[in-house]
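The residues making up each chain are set out below.
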Number of protein chains: 2
Amino acid sequence: MADQVYSYEKLSQFALATFTKIGCSADHATLATKVLLSADLRGIDSHGIARLSGYVRLWEAKRVNATPNIRVVHESPSTAVVDGDGGLGLVVAPYAMKIAMEKARVAGTGWVAVKNSNHFGIAGYHAMMALDHDMIGMAMTNASPLVAPTFSVERLLGTNPIAVAIPADKQPAFVADFATTTAANGKLEILQRKNQDAPIGWIQKKNGDASINANELKDGGALIPLGSDREHGSHKGFCLGAWVDIFSAVLSGANYGPWVPPFVAFLSPPADPVGEGIGHFFGAMRIDAFRPAHEFKTHMDNWINRFRNAETIASQEKVIIPGDPEREMNAIRLKEGIPLNPKVVEDLQLLGEKLGVHW
Amino acid sequence: MADQVYSYEKLSQFALATFTKIGCSADHATLATKVLLSADLRGIDSHGIARLSGYVRLWEAKRVNATPNIRVVHESPSTAVVDGDGGLGLVVAPYAMKIAMEKARVAGTGWVAVKNSNHFGIAGYHAMMALDHDMIGMAMTNASPLVAPTFSVERLLGTNPIAVAIPADKQPAFVADFATTTAANGKLEILQRKNQDAPIGWIQKKNGDASINANELKDGGALIPLGSDREHGSHKGFCLGAWVDIFSAVLSGANYGPWVPPFVAFLSPPADPVGEGIGHFFGAMRIDAFRPAHEFKTHMDNWINRFRNAETIASQEKVIIPGDPEREMNAIRLKEGIPLNPKVVEDLQLLGEKLGVHW
């Protein structure tokens, strides 16, 4: 069945009504909706409204607190630790990123580690909050363990994404936002829906053998760190995922590694937690704490122009500046609407019926 | 011909005498020697004493200043920009990292961008300076352009390494230090010396085709970002290399991308520089700006234990904690000596004769 297309407004209204229905304040529901839908607009369909019913199931299981008391529990001039009080990461993360930016205003940079949170949507949204303030923004999070370190058969890390948003002047901003695995889990979900195989190097079987089965994770398999195998640097992808895990959770007091609670409500969190909830890490750096912002942004224009216009391999596409595809998708989907897989639509209809929210 | 083994003391004395001979102060020569030799000790042979004659040739070409006036040219409570005055990166980098740590002492974190510097040895050395102070250390640098962005045939980025050093309590520290390419250039040099081919995914030909020729860079080929190809995430490796380039050079006012001056003296720097020298970026974060250091380090022990003892793939090695192999090598080489390739020995002998320094 073909995708069905819905307007941004229609989907926003539904998400807003849903978040309101489970008890979020008007401000929180509005913010959660904006963050959630930014994924659909930017083409990262796995992290958008398709996850809404998952958030609600976590709330039903009392693993998401709709009325959190989000607060700073430790700080220094350029740092803070935020306790998310079990709230939606969609709400906790922008709160924490704002604090990072306030710290940066005074101290030049601000770095905020978050504990006791939940899935925060796309990392890029939070990093990009810095752009309008002539700041560089960074965001990381740990996540449910699905990734095996190089040489291991155990799922010990999440896909642990990193986002870095860097403003330019006339050029659009540089926005990198990527899972530290060879392929994000959302890429596997697309293959699953299409009944297609995955390339060698994305996933491994339960026993560690290479696999092309996009459903391998259901049989105890694991995602593979960026690099695919040791010969091609998967130990570096493991370093990246580990770094994100430690900054997000060991610094903040959240759960790390295999102790990170699963995103799906039908799996219980580990019985022996080492911290609270999942963890995030945010950074904001004021450009003019290093050099005049205009000077920096002019050089960023030059950087972007040079790379975008690099000579390419015949028959291949242009060099892609990080953030370009998502920004272009955002413009298209705002205008033409957001395509949803029929299974996602059905799931949202059921959600609406369950909560008494008009679809 | 087999490698020849030399003691750490012997190689240190030679490096110290060489740096002194070209005009470095006693303090600078001692520091440069320590940083340079830390690469040999840790097994990163491409970045150690094998580079000494290269540094001297850059000094002969007046591209390294042996008596730099290294200074802070811009700062905020948690940031600084350092002008390396064309000095050896081996000396400029520890200076900058110290400032990052001083900032962290007061502001919680410190972030220092450096311009007008040169090759700084191994990134890990600088990041590890933080460990004894209950801080997390970070170090990045850009480098001579040898890497083609995904879809391009042009060499626009260096191997741009990232190092992150994180203290633990009873366990040794977590020390990640890796080039943001599939393979570091040093790995190619080893294959070249052994007349062996490289795996597919490390390098590409001048026209962008895959290559297994370890000498391909001499024919205009390029290294490939971590990920190897688009299907396996090379665009993420490109994001990482770009991030390092921008933080190191666009923030500081150094040369970036294809404008980075080449490390080898026989190639001239670009005639149209966009900044000064090469750039680095350093970070220091005081652990107790987030949570009590002992608490953090105890959890790091738990993290490291859990990952080190993860179930492995039959017949494969254990999971490697970042920093373990280098630390073990360091202990062995301090005791048993440092093996040098005969070509490196010959190069050092010639250097000694040229400068009148006893080999």
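See the structure above.
So, a few notes on the structure that sits alongside this text. All values derive from a computational prediction rather than experimental measurement.

**A word on the packing of helix H1 (residues 8–21) of chain A against helix H10 (residues 342–355) of chain A**
All names here are of chain A.
Then, in step 1: The N-to-C vectors of H1 and H10 enclose an angle of 40°; their axes lie 11 Å apart at closest approach. Here H1 is positioned oblique relative to H10, judged by the angle of their axes. Classified by chirality, the crossing of H10 by H1 is left-handed. For the pair H1 and H10, contact is made by Phe 14, Thr 18 and Lys 21 and by Leu 348, Leu 351, Gly 352 and Leu 355, respectively.
Then, in step 2: By residue class, the composition of the contact of H1 with H10 is 4 nonpolar, 2 polar and 1 charged.

**Looking at the nonpolar core**
Most often, soluble globular proteins have nonpolar side chains that are buried together.
Then, in step 1: Among the nonpolar cores identified, the biggest contains 112 residues, and Phe247(A), Trp303(A), Phe247(B) and Trp303(B) are the most heavily contacted of them.
Then, in step 2: Those residues within four positions of Trp303(B) in sequence are excluded, and the remaining contacts are Phe238(A), Ala242(A), Asp245(A), Ile246(A), Val250(A), Tyr256(A), Phe174(B) and Ile321(B).

**Points about the interface of chain A and chain B**
The extent of an interface is frequently quoted as the accessible surface area lost upon association of the parts.
Then, in step 1: Counting residues at the interface gives 93 residues for chain A, matched by 91 residues for chain B.
Then, in step 2: Between chain A and chain B the total buried area reaches about 7400 Å² when both faces are included, carbon and sulfur atoms providing 70% of it.
Then, in step 3: When the buried area of chain A at its contact with chain B is split by residue, Phe151(A), Lys236(A) and Phe290(A) rank highest and sum to 11% of it.
Then, in step 4: Counting every contact that joins chain A to chain B gives 2 salt bridges.

**Some words on the sheet that holds strand S10 (residues 222–223) of chain A**
All names here are of chain A.
Then, in step 1: Taken in spatial order, the 3 strands of this open sheet run S9-S8-S10, and their pairing is antiparallel. A strand with exactly one partner marks an edge of an open sheet, and here the two such strands are strand S9 (210–211) and S10.
Then, in step 2: As defined by bridge partners, strand S8 (residues 203–204) adjoins S9 across 2 bridges and the pair is classed as antiparallel. Across the sheet, Ile 203 pairs through a bridge with Ser 211, a residue of S9.

**Some thoughts on the sheet that holds strand S10 (residues 222–223) of chain B**
Then, in step 1: Strand order in the open sheet formed by 3 strands is S9-S8-S10 (chain B), with antiparallel pairing between adjacent strands. Looking at the sheet topology across the chains shown, the edges are occupied by strand S9 (210–211) and S10 of chain B.

**Topic: a positive patch on the surface**
Then, in step 1: Together, Arg193(A), Lys194(A), Lys218(A) and Lys343(A) line one region of the surface with positive charge.
Then, in step 2: Here Arg193(A) falls in the partly exposed class, since its relative accessible area comes to 39%.

**Points about the environment of Ala148(B)**
Residue and element names in this part refer to chain B.
Then, in step 1: As for its placement among the helices and strands, Ala 148 is situated in the loop between strand S5 (135–141) and strand S6 (162–166).
Then, in step 2: For Ala 148, a relative accessible area of 1% corresponds to the buried category.
Then, in step 3: In the structure, Ala 148 is positioned 115 residues away from Phe 263 in sequence and 17 Å away in space, judged by C-alpha atoms.
Then, in step 4: When residues no more than four places from it in sequence are discounted, the contact partners of Ala 148 are Val 153, Glu 154, Arg 155, Gln 204, Ala 222, Leu 223 and Pro 225.

Calculation notes
For every chain, the first residue of the written sequence is number 1, and numbering continues from 1 along that sequence. Chain letters start at A and ligand numbers start at 1, both assigned in the order the entries are written. Selection of residues for local features in this predicted model requires a pLDDT of at least 70, selection of side-chain atom pairs for listing and counting requires 80 or more, and totals for whole chains, interfaces and linings are taken over all residues. Heavy atoms throughout the structure, all of them, feed into the side-chain values; hydrogens and water do not. Think of each axis as a best-fit line through the C-alpha atoms, taken over the contacting stretch in the case of a helix, with angles from 0 to 180 degrees between the N-to-C directions. Numbering of helices and strands runs from the N terminus; a helix is a DSSP stretch of H or I covering at least four residues, while a strand is a stretch of E covering at least two. Convention used here: angles under 35 degrees read as roughly parallel, angles over 145 as roughly antiparallel, angles from 65 to 115 as roughly perpendicular, and any remaining angle as oblique. By convention, the crossing between two helices is left-handed when the near helix turns anticlockwise from the far helix through less than a right angle, and right-handed when the turn is clockwise. The criterion used for residue contact is that any of the two residues' heavy atoms lie within 4.5 Å. Residue polarity follows a fixed list, in which Ala, Val, Leu, Ile, Met, Phe, Trp, Tyr, Cys and Pro are nonpolar, Asp, Glu, Lys and Arg are charged, and the others, Gly among them, are polar. Buried Ala, Val, Leu, Ile, Met, Phe, Trp, Tyr and Cys residues that are joined via side-chain atoms within 4.5 Å together make up what is termed a nonpolar core. When accessible area is computed with a 1.4 Å probe and restricted to protein chains, residues below 20% of their type maximum are described as buried, those above 50% as exposed, and intermediate ones as partly exposed. Two parts placed together each lose some accessible area under a 1.4 Å probe, and adding up what both lose gives the buried area. Basic side-chain nitrogens of Lys or Arg form a salt bridge, by our definition, when they fall within 4 Å of a carboxyl oxygen of Asp or Glu. At least two bridges found by DSSP between two strands are what make those strands a pair. Within the patch definition used here, like charges are joined within 9 Å and nonpolar side chains (Val, Leu, Ile, Met, Phe, Trp, Tyr) within 5 Å, considering only residues with over 30% relative accessible area and no salt bridge. Where accessible areas are quoted, they stem from the Shrake-Rupley method and a 1.4 Å probe; at the residue level, only the protein chains shown are allowed to cover. By the counting scheme adopted, Arg and Lys are positive, Glu and Asp are negative, and His together with the chain ends is not counted. Taken as the charge location is NZ of Lys, CZ of Arg, CG of Asp or CD of Glu.

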